[in-house]
Amino acid sequence: MKIGLLGAGGTLKIKDGFLSFQHPYGKTFRVMVSDIETVVVDVVGLGQGELKIIGHGAELAKTKMPIAWANKCQEWILSMIKK
């Protein structure tokens, strides 16, 4: 899934059992899909959200982005892991 205009906000992928995020300016994370319990979005500033990947009672990964992008990412990740 490409985030933002033409993917300028980054790319989320699920491949080989891992969820990975790569931002054009170096922010990245990679977590096992089987470890993900839920995904939440916290508002952290005017128009900004923090996408958090939660698993086993701990925060596995997080990244800040515009709230609209964070909400779309949350919906996409949850739809992919609940299959």
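Procedures and definitions
Residues numbered from 1 in each chain as written. Predicted model: local features only at pLDDT ≥ 70, side-chain atom pairs only at ≥ 80, totals over all residues. Heavy atoms only, no water. Pairing = 2+ DSSP bridges. Helix = DSSP H or I, 4+ residues; strand = E, 2+ residues; numbered from the N terminus. Contact = heavy atoms within 4.5 Å. Axes fitted to C-alpha atoms, helices over the stretch in contact; angles between N-to-C directions. Buried < 20%, exposed > 50% of the residue type's maximum accessible area, 1.4 Å probe, protein only. Core = buried A, V, L, I, M, F, W, Y, C linked by side-chain atoms within 4.5 Å.

### Points about the sheet that holds strand β1 (residues 2-3)
So, point 1. Ordered in space as β1-β2-β3-β4, the four strands form an open sheet in which the pairing is antiparallel. With partners counted over all chains shown, the strands left at the sheet margins are β1 and β4 (28-32), one partner each.
So, point 2. Across the sheet, helix α1 (residues 67-81) lies against β1, β2 (10-15) and β3 (18-22), angled at about 5° from β2, the strand it touches most.

### Thoughts on the environment of Gln-22
So, point 1. Within the fold, Gln-22 resides in strand β3.
So, point 2. A residue is classified by how much of its surface remains accessible, and Gln-22, at 51% relative accessible area, is exposed.
So, point 3. C-alpha of Gln-22 to C-alpha of Leu-12: the two residues are 10 residues apart in sequence and 6.7 Å apart in space.
So, point 4. Gln-22 has contacts with Gly-10, Thr-11, Lys-27 and Thr-28, leaving out every residue within four places of it along the chain.

### A closer look at the nonpolar core
So, point 1. Counting residues in hydrophobic clusters, the biggest one holds 17 residues, and the most contacted among them are Leu-12, Leu-19, Ile-53 and Ile-77.
So, point 2. Listing elements by their share of this core, those giving two or more residues are β3, β4, β5 (38-45), β6 (48-55), β7 (58-66) and α1.
So, point 3. Counting residues per element, this core draws most heavily on α1, at four residues.
So, point 4. Setting aside residues up to four positions removed in sequence, Ile-77 forms contacts with Leu-12, Leu-19, Val-39, Leu-51 and Ile-53.

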